[in-house]
Amino acid sequence: MSDSADQSPCAAPPEPPVDSMRRDAHVLAGINRILHEALSASTEEELGQLCLEVAEDLTGAAFSFFGEERDASGRLDHLAISERGWAAYRGSDPEFSQRKLPNGLKIRGIFGEVMVQDRTLIVNEPASHPARVGLPQGHPVLHNFLGVPLRHNGETFAMFALGNHPTGFTEREKAIAEELAPAIVQALLRKRAEMASRASRRRLLTLIEGIPQLVWTATSDGRWTWASPQWVATTGLSVEESLGHGWQAAVHPDDRDAAHAFWTQASEGGDLTMEGRLFHAETGRYRWYKTRATPVRDDHGAIVEWFGTSTDIDNLRRLQDRQETLVAELQHRVRNILTIVRSIFTRTVEAGGPIDEISDHFRGRLDSLARTQIVATQTLSGRVDLENLIRDELLGVGAIEDDRLSIRGPDVTLPADTAESIGLAIHELTTNALKYGALRHPTGRLAIAWHVEAHFDRKCELIVKWDETGVPAMPVPPVREGFGTELIREALPYGLGARTNLQFRGGGVLCVISLPLPIEDVGLLNRSAEG
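### What to know about the overall build of the protein
The helix and strand tally for the protein stands at 15 helices and 18 strands. Counting over 531 residues, the protein shows a buried share of 41%. Sequence separation of at least 24 residues holds for 59% of the intrachain contacts in the protein that already meet a minimum separation of 6. For the protein, the accessible area works out to roughly 28700 Å², and carbon and sulfur atoms hold 54% of it.

### Topic: the pattern of salt bridges
Applying the stated criterion across every chain yields a total of 25 salt bridges. One salt bridge connects Arg151 with Asp118, and the closest N-O pair in it is separated by 2.9 Å. Of this pair, Arg151 sits in strand β5 (residues 145-152) while Asp118 is found in the loop between α5 (109-117) and β4 (121-123), placing the two residues 33 residues apart along the sequence. When its relative accessible area of 28% is taken as the criterion, Arg151 is described as partly exposed. Looking at Asp118, the relative accessible area reads 26%, which means it is partly exposed. Where Arg499 meets Glu461, a salt bridge forms, and the shortest distance between an N and an O atom there is 2.9 Å. Separated by 38 residues along the polypeptide, Arg499 in strand β17 (residues 499-505) and Glu461 in strand β16 (residues 460-469) bring together distant segments of the chain. What you see here is one network of salt bridges that share partners, running through Glu44, Glu68, Arg70, Asp77 and Arg192.

### What to know about the sheet that holds β4
Spatially, the six strands line up as an open sheet ordered β3-β2-β1-β6-β5-β4, and their pairing is antiparallel. At either end of the open sheet lies a strand with only one pairing partner, and these are β3 (105-106) and β4. Where α5 meets the sheet, its contacts fall on β1 (63-69), β4, β5 and β6 (155-163), and the angle it forms with β6 comes to roughly 145 degrees.

Parameters and conventions
- Residues numbered from 1 in each chain as written.
- Predicted model: local features only at pLDDT ≥ 70, side-chain atom pairs only at ≥ 80, totals over all residues.
- Heavy atoms only, no water.
- Helix = DSSP H or I, 4+ residues; strand = E, 2+ residues; numbered from the N terminus.
- Buried < 20%, exposed > 50% of the residue type's maximum accessible area, 1.4 Å probe, protein only.
- Contact = heavy atoms within 4.5 Å.
- Areas by Shrake-Rupley, 256 points an atom, 1.4 Å probe, with all protein chains shown as cover.
- Salt bridge = Lys/Arg side-chain N within 4 Å of Asp/Glu carboxyl O.
- Pairing = 2+ DSSP bridges.
- Axes fitted to C-alpha atoms, helices over the stretch in contact; angles between N-to-C directions.

Listed below in structure tokens is the structure:
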């Protein structure tokens, strides 16, 4: 800074070498103090007060302030006022008494000259200075002034000002202030970078803690250096327990080789991906996670660490497994239905008769099969309610429950493949009753009932009874077995392990079907009965 001081007294005599060395040592100590203690300052204002305190001590000023022009606004915002400055104020401004820094002051007057002219300014007779505009109410009387611009990248962006030296400011105080200026700029910029980094880290941690993924960082050999709170909460491992290779304790034993292989690829660069199971502390079981690791590189492209996330995909895996099971079941069901349709068609045609009668029989049996499929696909479980199955068959021929028809039994649901066969049997019995039995004659009665019997060997049976009475004609057993008789007497025992009893009695047909039920369905039936 080569600009001469303004309104300064005659230049001070040269300092003796010893005094010059002592002054340089004090200035160097002040600079070191600024740079060292700046690291512990928590705010810009605290840092600014430290710088002003050093400047006051070295120059003998009575008070000082530190200001900055933001965004070339033409206005000055105070970054700090020294403790001596706050104490010297005698005004009644409540904001100043509450130590609220004044901001938005127009850059003008003696202070403005430092910023506008970009030069150090000494004013020892401020009352007669041409740029003088007066002082705010309560501001300490200004006897003399020293202002120093602060520059960054060749541009003046701030200043600090010293006031009221006991004998007036000289070139000596100017030199000291100018030597302090670069250290003040360096300390301020370092503090801002540190605060920005800290704020960025806080934002990053807040973002990380707000996402459902488990987040961590690691070296290229898989040694973890940090783990997020989600990892701790999910796995039950603390951050300390997870560092290094401690995270492997949360990995399912069967997946640890894959996890090791995962990190052997890290040196090759690029993203890493694997699926494996991690212990879930809340449920006490392992859940599937998809883990991705992305390299963090320095300016030269070298990998300095890996940033990883583990995303819970357990429900997705279960859905995929369920989907595969459903596809397999669907394929099985389609093959089974086609087999049934082929069998129905073959037996219907073999029974003979007019083509219209064959067509009606075949259509009726297909309709029965279709009704069962509709009911099965309307529930997530794919099971069919027995009572609805029976009622749908009877409603299909116009039979409703009245004094001639009774339907009784507990809530029972059947697997779709079981319901297909039982539904066809009910259809055949219904068709026969409509043509020859209880549903044809006004005096006929039909009682359909079912119940569940539990056995001591932890097995149970569903027993369905079809009982026709009051049919006037004496029925004669058919000479050859039709589709319905063969289905009940042969197909149900073969396909479902059922025991059947079909009788063509005088007065109507009696059919009893005893069907074994899986043991898990017994509990389901009991819960239904209790409910």
